[in-house]
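Next come the chains, spelled out residue by residue.
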Amino acid sequence: WSLRELGAYLLRRFARILPLYWTFLFVAFALTNRLDEALLHALFVVGTGHLWAIPQEILFYLLLPLLMLPLAACNRIGRWWLPLALGALMLLWNRFGGTGAVWLLGMDFARMEFFLGVFLAGVLAAFAHEYLEAVPQRPPNPFLARLWSPLGLVLLVFFLLFSTGRLYGDALVLSQRYFGVYGALAALLVLSCARAPAGPLPRLLTWPPLRRLGLISLGLYLLHPLVKTLVDSLISHYTGRHLHGLPLFLLTLAGTSLPAAWTHASIERPAAAASGRR
């Protein structure tokens, strides 16, 4: 990478998140006279509540170019060295990279580990897809080609059944307790969709309403706790009851979609155009 390419990469990544994120901080913290909290979040020092993921993303974006320098050297040695090095780094970080190595301040200012292994799983999946595209098997293996689609469906069912223990009366969020394992499986799910684009799961994910939700997903993520609190307060005020589970989820999703669509059109899209990202 040249410095110009590096600058363009960082500009595109930051333009994807920061304009809407900083706008949300201004509304949620600054307008409620919590300027100290707004500043700490704006500088990625802390990430309370659902905002814990933003400092994680920003740190990864900053580290990725530094990580790719030695990994690129592995690639020059041989085409298999890069995925092997990525996989080894991912496993080592998942095993040893706890709060004793690198930590970020999360909910209630508690130390939270840096989930580098999860990000590396996604990078590894991207390299695997590019490699399989560039080096097709000769002769093609029809069994392996047909394996990707059912693999994606199996992984999707696994996530639906075992991401939490609520179906079995346990409040434990398994996907958060075993971030490394679930991150690797999520990367494999994405890879399976990329390798079988005509399968039932990719066709479902490219359904126009779901694609629209994907476009406004950052706004949905940032705004949904505010809408959830508002919906719960209104329902409680007028009915004397609190909603839970699927009804609360659907009402929150519906209530968040409109403001998220507005922020996408008025904030995210202009920022993307200014950064050169399409």
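The following paragraphs examine the structure supplied in this document. (Residues numbered from 1 in each chain as written. Predicted model: local features only at pLDDT ≥ 70, side-chain atom pairs only at ≥ 80, totals over all residues. Heavy atoms only, no water.)

1. Some details on the overall build of the protein chain
Looking only at helices and strands, the protein chain has 12 helices and 2 strands in total. Referenced to the eigenvectors of the C-alpha coordinate spread, the extents of the protein chain come out at roughly 65 × 40 × 40 Å. Out of the 278 residues in the protein chain, the part that is buried amounts to 33%. A fraction of 65% describes how many contacts in the protein chain between residues 6 or more apart in sequence connect residues 24 or more apart. (Helix = DSSP H or I, 4+ residues; strand = E, 2+ residues; numbered from the N terminus. Buried < 20%, exposed > 50% of the residue type's maximum accessible area, 1.4 Å probe, protein only. Contact = heavy atoms within 4.5 Å.)

2. Observations concerning unusual backbone geometry
Even without being glycine, Asn33 reaches a positive phi, approximately 65°. Secondary-structure assignment places Asn33 in the loop between helix H1 (3-28) and helix H2 (35-42). With a relative accessible area of 67%, Asn33 lands in the exposed category. At Phe44, a position not held by glycine, the phi torsion is positive, near 65°. Following the sequence through the fold, Phe44 ends up in the loop between H2 and helix H3 (53-77). With a relative accessible area of 21%, Phe44 lands in the partly exposed category.

3. Focus on the packing of helix H11 (residues 217-239) against helix H12 (residues 245-275)
For the pair H11 and H12, interaxial distance at closest approach is 8 Å and the crossing angle is 135°. By the angle class used here, H11 and H12 are oblique. Viewed along their axes, H11 and H12 form a crossing whose handedness is right-handed. Facing Leu218, Gly219, Leu220, Leu223, His224, Val227, Lys228 and Val231 of H11, the residues of H12 in contact are Leu248, Leu251, Thr252, Leu253, Gly255, Thr256, Ser257, Pro259, Ala260, Thr263 and Glu268. Classifying every residue of the contact of H11 with H12 gives 10 nonpolar, 7 polar and 2 charged. (Axes fitted to C-alpha atoms, helices over the stretch in contact; angles between N-to-C directions. Parallel < 35°, antiparallel > 145°, perpendicular 65-115°, else oblique. Left-handed = near helix turned anticlockwise from the far one by under 90°. Nonpolar A, V, L, I, M, F, W, Y, C, P; charged D, E, K, R; others polar.)

4. Details of a nonpolar patch on the surface
Taken together, the side chains of Val157, Leu160, Leu161, Phe162, Leu167 and Tyr168 make up a nonpolar region of the molecular surface, amounting to roughly 600 Å² of accessible area. Structurally, Phe162 is set in helix H6 (residues 142-162). (Patch = residues over 30% accessible without salt bridge, like charges linked within 9 Å, V, L, I, M, F, W, Y side chains within 5 Å. Areas by Shrake-Rupley, 256 points an atom, 1.4 Å probe, with all protein chains shown as cover. Salt bridge = Lys/Arg side-chain N within 4 Å of Asp/Glu carboxyl O.)

5. Some points on the nonpolar core
Judged by nonpolar contacts, the single largest core of 42 residues is most densely connected at Tyr21, Phe24, Leu25, Leu51, Phe60, Leu86 and Leu222. For this core, the secondary-structure elements that each account for two or more residues are H1, H2, H3, helix H4 (81-96), helix H5 (116-134), helix H8 (179-195) and H11. Top element by residues in this core is H1. It accounts for 9 residues. Sequence-distant contacts of Tyr21, that is, excluding residues within four places in its chain, are made with His41, Phe44, Leu51, Ile54 and Leu222. Residues Leu155, Leu189, Cys193 and Leu201 belong to the second largest nonpolar core, which totals 6 residues. (Core = buried A, V, L, I, M, F, W, Y, C linked by side-chain atoms within 4.5 Å.)

6. Notes on the packing of aromatic side chains
Two descriptors summarise a pair of aromatic rings, namely the distance from one centre to the other and the angle between the planes of the rings. Here the structure, examined in full by the defined rule, presents 12 aromatic pairs. When the ring of Phe60 is compared with that of Phe119, the centres are 4.5 Å apart and the planes differ by 10°; the resulting orientation is stacked. Of this pair, Phe60 sits in helix H3 while Phe119 sits in helix H5, and the two are 59 residues apart along the sequence. Phe119 sits in the partly exposed class, given a relative accessible area of 23%. Within the aromatic cluster, the residues linked to one another by ring pairs are Phe60, Tyr61, Trp93, Phe114 and Phe119. (Phe/Tyr/Trp six-rings, centres within 6.5 Å; stacked < 30°, edge-to-face > 60°.)

7. Regarding the environment of Leu6
Considering the arrangement of structural elements, one finds Leu6 in helix H1. Separated by 248 residues in sequence, Leu6 and Ala254 place their C-alpha atoms 38 Å apart.

8. Things to note about the environment of Leu3
Of note, Leu3 is situated in helix H1. By relative accessible area, which is 75% here, Leu3 ends up exposed. Taking the C-alpha atoms as reference points, Leu3 and Leu210, separated by 207 residues in sequence, lie 37 Å from one another.

9. Observations concerning the pattern of salt bridges
Counted according to the given criterion, the structure contains 3 salt bridges. In this structure, Glu268 engages Arg16 in a salt bridge whose closest nitrogen and oxygen atoms are separated by 2.8 Å. With Glu268 in helix H12 and Arg16 in helix H1, this pair connects stretches of sequence that are 252 residues apart. Of the charged contacts in the structure, one is a salt bridge between Glu37 and Arg34, with a shortest N-O distance of 3.9 Å. In this structure Glu37 comes out as partly exposed when scored by relative accessible area, which is 23%. Given the relative accessible area of 32%, Arg34 is considered partly exposed.

10. A short note on H4
With 16 residues, H4 should cover 22 Å at 1.5 Å per step; its first-to-last C-alpha distance of 22 Å lies within 8% of that length. By the burial criterion, the buried members of H4 are Leu82, Ala85, Leu86, Gly87, Met90 and Trp93. (Expected span 1.5 Å × (residues − 1).)

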